[in-house]
Structure formats: C-alpha cells, structure tokens
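Chain by chain, the residues:
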Amino acid sequence: MKLTDIRRKIDAIDDQLLKLLNERADLVHEVGLVKRAEGSEIYAPEREEAVLRSLTEKNAQLQGRLPEKSIRAIYREIMSASLALEKDLTIAYFGPESTNTHQAARSKFGASVNYTPKTTISDVFDVVARGNADYGVVPIENSTEGAVNHTLDVFMESELRICAQVLMKIENHLVANIPREKIKRVYSHPQVFGQCRNWLRQNLPHVELIEVSSTARAAELAAGEADAAAITGPMAAETHGLQILAPSIQDIATNTTRFLVIGKTPSPPTGDDRTSLMFCVQDKPGALFHALEPFNRLKISMSKIESRPSKRKAWEYFFFVDIDGHASEEKVQQALEGLSQHCTFVKILGTYPKTLPT
Ligand SMILES: O=C(O)C(=O)C[C@]1(C(=O)O)C=C[C@@H](O)C=C1
C-alpha cells in the first residue's frame, strides 16, 4: 500500500476515535453530575485501576500490537481529560517542578489537571487538609535508600488518608553542559547520591559532591556553572537544558521509589489492594511479636515495617506496616482486631489499589 493510502486509513480511524472519545466524555460528564449530587470523590483510583487492568488483559487476549505500557499511558491521558471535565482539579506535590515527585504526580494524574509544587512534605499535607488542593503526592520509600522519614512523621499528625500509590523506576543521570573531564563538582539530593554511591566512587572519585534540597535545584545550579554537573532525572535535565553525560548511573538497576497519593477518603476495594497502618504497641515484653501474630495466623502478607520515634516519650516507637488486602475485608478486619489488643493505638493510614511500576 502507498503511504498516502495508509495515511488516509489512519485519518478515517482517527475520525472514529475522536467521535468515540467525545461520546466517552459525554458519559464522564454525566458521571461528574452523579458524583456531585452524591457528594462522592471525583478521583476514583479503584475504578481507574479496574479499567486499566481490564483493558491490558483484553489487549493481551487480542494479542494487540500495543504494549501494556502504551495502553496504560494512553488511558492515563484519557482519564486525566475526564478528571478535568468533572472538576478543575489541583494536585499538590513535593516540589520544586521537574523533580521525581513531579514526574510521579504526572504519571498518576496526566497532563489535563493543575499542579502546584510545595516546598515541604508538610505543606503538601497542609494544602490538601485545608482544601486548597484536591490531592497531594509525596515520596514514601526508595528501594535502595529506604523510608522517607519526613513523610512517616507527618502522618503521625495528619488525618489525611492514602488513596493511591505510584511505583516509579528512578533513572538517575549524570547531566551537564561540559565534558566529563571538566567536572569539579556534582550537585544532587542526598537520597540520589545514596543511590549512585558505587558508580560515583568508581567513575568520579575526585570530584566534590554537594548535597542540595532537590534534583531540580541541582540541575539549576549545574546549568549556571562552568565546572559543575548534577545527578537528576530526565525531567529536570530537560527543563534546565542539560545533556546526559552518563545515563542510568544508579547502582541498582531496579531502583524504584514509591509515592503516595493523599486525600480525604480511602479508596474502595479492587480485589488486589494494600493497606497501610500505623500503631504503637503496649510497653510489655513480646508486645510487638503478639501484635503481629494475627497477620501470620490469617496468612496476610506484610510487605513492610518501619519504626519511628513517637516524639511523645523517649524510646517509644510508632510502627508503620503495609499489608496485603483491603481494610473492608473480613480477614483484614479480624487481624486488625487482634493487633489492637496489644496496642495503645492503631490508625489506618489508607487502603488503596496495588499498582505496577511505571
Ligand atoms: O468512573 C468514574 O468514576 C469516572 O469519573 C470516569 C473515569 C474514566 O475516565 O474512566 C475518570 C476519572 C476517575 O478517576 C475514574 C474513571
């Protein structure tokens, strides 16, 4: 077939797609009216995940040419447009612009909603709690460097809930506008230096490493200096016009960060969910062991445990635990009941769909 003929066929399909997308948008508008009348949440992470899971399964059965990643990306933007039709939605994220958290927020909510960067993690919680933003996005843990303690600490005082998560593979690039031999200084965030420790030791042993507040700030500084480089993600490098001198220099190739979407309401079940809890055990021998025993007995998988000083009393700790299952499930409720018998308090931080890394 000739190029012009193939393109004519593509045009005809695009006309149909456009018509169908607008028909979908009309239905979304109706959904928006129903939600408004019922006073329910505009963002429905459980529905989005169900739509994505069903479409990727159907695509695999059809043996469609499009890979799962592309189906997810296309539908991410379709649903972003839907969200914007239902409400002029604002997402606050731990900024500044072009950081990994910004990218994580974009990968969850798409290009059609509004974003507002905040300078601290507490500020993100604060604007969402006050209703000046609809949802917030904050980092919670990295597969190489561990927990983001500040986020755990803010949860101790917040009434907000986790309503979704984003798992994002983190690519750290060495970026600059000078050749590698001229680099005297490298800027980055301390967590990112931690993720690239071995590479830096082997490849740039004599340069000065300067910790700054974000990868975006690192890119900004490197762009303005004649002998400096930065380690950043692709978004910050692009924003500040920096070239990638060495791509993906993280020591562990699968380096992934988990981000949380925080809002006022937990998400309904999807059949494959996760629940995050925070609790404080009684001051008795074996209290933690007994508190966790119901998870073992009921065969509930626990994917994470962290502890943080309670800041109320010396040597008292809050534990943060993630378990498989939704808080509304009978089995999970039984386990929580058992747990609470050994605790001075238990709080469910959120119950939300499991997701694949983006
Ligand atoms: O089904 C809904 O609740 C919708 O608002 C529609 C829709 C969609 O486009 O499919 C859009 C946004 C929601 O987060 C989930 C799904």
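Residues numbered from 1 in each chain as written. Predicted model: local features only at pLDDT ≥ 70, side-chain atom pairs only at ≥ 80, totals over all residues.

With that settled, the discussion passes to the domain arrangement of the protein chain. Interfaces are often described in size by the accessible area the parts lose on coming together. With domains assigned, the protein chain is organised as domain 1 (3–86), domain 2 (90–163 + 259–263), domain 3 (173–246) and domain 4 (273–353). Each of domain 1 and domain 2 has a C-alpha centre, and the two are 25 Å apart. Contact with domain 1, which involves nine residues of that partner, is made by seven residues of domain 2. Among the elements that make up the side of domain 1 that touches domain 2, the one with the highest residue count is helix 3 (residues 68–86) (seven residues). Counted by class, the side of domain 1 that touches domain 2 contains six nonpolar, one polar and two charged residues. (Domains from an automatic or database assignment. Contact = placed C-beta atoms within 7 Å. Helix = DSSP H or I, 4+ residues; strand = E, 2+ residues; numbered from the N terminus. Nonpolar A, V, L, I, M, F, W, Y, C, P; charged D, E, K, R; others polar.)

We now examine the UniProt feature "site: Essential for prephenate dehydratase activity" (unreviewed entry) in the protein chain. The sites that carry the UniProt feature "site: Essential for prephenate dehydratase activity" (unreviewed entry) are, in the present numbering, Thr-257. Tracing the backbone through its elements, the reader meets Thr-257 in strand 11 (residues 256–263). Not counting residues within four places of it along the chain, the set of residues in contact with Thr-257 comprises Asn-100, Pro-139, Asn-142, Met-168 and Ile-170. (UniProt positions renumbered as here; feature names shortened; annotations may be inferred.)

Turning to helix 12 (residues 330–340), a few remarks are in order. Residues lying three or four places apart along an α-helix face the same way, a consequence of the helix completing one turn every 3.6 residues. What helix 12 keeps buried is the set Val-332, Ala-335, Leu-336 and Leu-339. For helix 12, the buried positions fall inside an angular range of 100° around the axis, keeping them on one side. In this structure, helix 12 carries Glu-330 and Glu-337 as exposed residues pointing more than 90 degrees from its buried face. Against the buried residues of helix 12 lie strand 12 (273–281), helix 11 (287–297), strand 14 (317–324) and strand 15 (343–353). (Buried ≥ 20, exposed ≤ 12 C-beta atoms within 10 Å, placed from the backbone. Arc of directions from axis to C-beta.)

Moving on, we get to the packing of helix 11 against helix 12. Look at helix 11 against helix 12: their axes get within 8 Å of each other, and the N-to-C directions meet at 165°. Judged on the interaxial angle alone, helix 12 and helix 11 are roughly antiparallel. Judged by the twist between their axes, the crossing of helix 11 over helix 12 is right-handed. Contacts from Ala-291, Pro-294 and Phe-295 of helix 11 reach helix 12 at Gln-334, Ala-335, Gly-338 and Leu-339. Looking at the contact of helix 11 with helix 12 residue by residue, the class counts come to five nonpolar, two polar and no charged. (Axes fitted to C-alpha atoms, helices over the stretch in contact; angles between N-to-C directions. Parallel < 35°, antiparallel > 145°, perpendicular 65-115°, else oblique. Left-handed = near helix turned anticlockwise from the far one by under 90°.)

Our focus in this paragraph is the nonpolar core. Most often, soluble globular proteins have nonpolar side chains that are buried together. Among the nonpolar cores identified, the biggest contains 53 residues, and Ile-91, Val-138 and Ile-262 are the most heavily contacted of them. Here this core takes five residues from strand 5 (residues 161–169), the largest share from any one element. For Ile-91, the residues in contact, after removing those within four places along its chain, are Ala-105, Phe-109, Val-113, Asn-114, Tyr-115, Ala-133, Asp-134, Tyr-135 and Val-137. Residues Val-192, Cys-196, Ala-216 and Ala-228 belong to the second largest nonpolar core, which totals 19 residues. (Core = buried A, V, L, I, M, F, W, Y, C linked by C-beta atoms within 7 Å.)

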